[in-house]
Amino acid sequence: MIPPFRAQSTVATLPLCLLIGCTQESESPARDDVHSAKAVATRPADASQPLGADKTHPGPHFSIDDGACGITHRNLSGPTAEQGKRYLLDCIGPGIAVLDADGDGRLDLYFAQGRAADLPDGGDCANRLYLNLGGRRFAEHGADAGVADRGYGFGALAFDFDNDGDSDLLVTNHGPNVLYRNDGGRFTDVTAEHPGMAGGAEDWSTGAAAADVDGDGDLDLYVCNYLRHDASDLDRRGLCRFMTECHVPCGPLGLDAQADVFFRNGGPPDYRYTEASVDAGLAHAPSYGFQPVFSDVDGDGDLDLYVSNDSVPNFLFVNDGSGRFTEVGLVAGVACSNAGLAEAGMGVACGDLQGDGLPEFYVTNFSTQLNSLYVNRTRPGGPPWFDEQAKPVGVGGPTLFKLSWGCAIADFDNDGVPDIFCSNGHVYPQVDDCRPSEIVYRQPCNLFAGVAGPRLRFTDASADAGALTTVPDSHRSCVVADLDDDGRLDLVVNRLDESPLVAWNDTPASGHWLALQLQLPGATPEAPGHAAVGAHILARAGDRRWSAEVHCGSSFLSTEDLRVHLGLGDTAMLDELLVHFANGAAMRMENVAVDRVLVLRSPSPVPAGGAAPAPDAATADADAAGKGPP
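Residues numbered from 1 in each chain as written. Predicted model: local features only at pLDDT ≥ 70, side-chain atom pairs only at ≥ 80, totals over all residues. Heavy atoms only, no water.

Novice: Residues and numbers for the sheet that holds strand S23 (residues 372-376), please.
Specialist: Note on sheets: strands pair through backbone hydrogen bonds, and any given pair is parallel or antiparallel. In space, the four strands of this open sheet follow the order S21-S22-S23-S24, with antiparallel pairing throughout. Edge strands, defined here as strands with exactly one partner in the open sheet, are strand S21 (348-351) and strand S24 (386-388). On average, each strand axis in the sheet is tilted by 20° relative to the strand beside it, whichever way the strands run. Pairing analysis gives three bridges linking S23 to S24, with the strands arranged antiparallel. Of the residues in S24, the one forming a bridge with Tyr-374 is Glu-388. (Pairing = 2+ DSSP bridges. Helix = DSSP H or I, 4+ residues; strand = E, 2+ residues; numbered from the N terminus. Axes fitted to C-alpha atoms, helices over the stretch in contact; angles between N-to-C directions.)

Right, dumping it as structure tokens:
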């Protein structure tokens, strides 16, 4: 698919059927499968205060929850910093998944958990599932729901692998991974039904991501692996020298890296995963992998794969459209720093910062390495090409002495310009006793506010965004989601050896917004829809344009909200909204009202050479009126 915002004449020729009345149809050179738009339901937000445009607002601001929300468990990751961490295994920390576990329409939170080193049973190491009760309150139900895994947890991926309309869970561990199938809010461990999914007893799996890479209608899966952790060998080595005078846990360089794994979904009736790395062109040398993310980097309509690696070059795998990939990271400019050096990539955020329909990558790195911003310069029909621009646009310099983990590209103040967030904290507690003094263990997070204008530019808004970005701590993974449905994106940040931080977005005078919950149809017309992972959204109001994708797996070892959130500033009505689904179907709407959650279900794709079936007028009218689930 040629990005419409880079080829305006292509958009004009698309055969589009509006929600109210149809335009004249003509054949499109980009797609022949655009279907009529059908709004399955609309749900207005439960806003705590009126939202409107205000160009003078001071920028994003967050307030840390004091525990009243009920998320109070302490992260366990081996011995605490004060007790002394001897292994890298105990320094990384686990991820978070945003999901609707019980199907009530509210966003729940799942936390992977490590283990306590000083207790034979690992201590209170069960993973946590917090169900959202509304009113900024959560209740823990991990054991009741069947997802209280007690492995040494790292990654948490929420995805619907069996297309039944609810969120399943993959938990990646040091040791066997666990795949949970969700059946109406109760989960069952089905790992044994998927050959190779558990991995080996000594495998250390980290981040994971899901997408339909071959266009067959189900989600395939990529799982990163890090390194072989051998405690006996590490005990013989002792601590390793770092920054000339520090002694810290050894790794990753010098330890045996492990190769990532790709699983292809076999589809109905069993939706069984089988390992297919070689067949898909994704078999590669072991690489200290941390976080994958699927995205259409070149605008050709299929999903490519980016992987952040620690201390070795990052990967970019380009999809040929059939689900077979070729690695082009170095040639595309996203593997290394501007100096051509491999960096210690941790997390990765993906989003369109330029409004041109193509995604950028923000990659978090080690201290003394600036975080990277790879700006997409790909030309229509050309190979992927990126330009690293973190320092020139203002998101590099402030991270020089930081070690960043989770990250997000999101519009936190709804001013219509995306912002960038990264969570910080050094991996080694021992750095507090070393030089340079600017590198410390506990660090504040960073928030970079996007600046409107003809050039891509950010300002460091950390000092004015609240305690999350001013108070030092051992921050690790993070996720972004509108947990209280007030139209403003909140943050949840894991802390090593401490309880998570829930940061409520209380930005004053926040602008307009639109949230899109996109679904693919179920197996039958009566079956519930499932999340439209990989969908591409294009929005226009006058000469302003936005685009976004539905990602499943991003940040650091985490899954963010699968709803797409567009900050719109003073735009009170979208002139046009286009959605391209991964199943080949597309939808177009005009004069779209904002400040609400809009639920859209994809129609069936149009067969090649066939005509689009007419929409069900009665259903479309009822849905457009906002009737649907509360």
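There is more to say, and it comes next.
Novice: Can you explain the state of the cysteines? Please cite residues and give values.
Specialist: What is meant by a disulfide is a covalent connection between two cysteines, made through their sulfur atoms. Evaluated as defined, the whole model comprises two disulfides. Bridging Cys-240 to Cys-250, the disulfide has an S-S length of 1.8 Å. Across the S-S bond of Cys-240 and Cys-250 the torsion is about 90°, and the bridge reads as right-handed. In this pair, Cys-240 sits in strand S13 (residues 240-242) while Cys-250 sits in the loop between strand S14 (246-248) and strand S15 (261-265), placing the two residues ten residues apart along the sequence. The disulfide bridge from Cys-246 ends at Cys-434, spanning 1.4 Å between sulfur atoms. Looking along the S-S bond of the Cys-246-Cys-434 disulfide, the torsion reads about 130°, which is the right-handed sense. Separated by 188 residues along the polypeptide, Cys-246 in strand S14 and Cys-434 in the loop between strand S26 (419-424) and strand S27 (446-450) bring together distant segments of the chain. Both residues of the pair, Cys-246 and Cys-434, belong to the buried class. (Disulfide = S-S within 2.5 Å. Buried < 20%, exposed > 50% of the residue type's maximum accessible area, 1.4 Å probe, protein only.)

Novice: Go over unusual backbone geometry with me, naming the residues and quoting the values.
Specialist: The omega torsion across Pro-268 and Pro-269 is 5°, close enough to zero to call that bond cis. Relative to the assigned elements, Pro-269 resides in the loop between S15 and strand S16 (273-275). Here the amide bond leading from Arg-435 into Pro-436 is cis, since omega sits at 0°, within 30 degrees of zero. Assignment of secondary structure puts Pro-436 in the loop between S26 and S27. The residue Thr-368 is not glycine, and still its phi comes out positive at about 70°. Within the secondary structure, Thr-368 is located in the loop between strand S22 (360-363) and S23.

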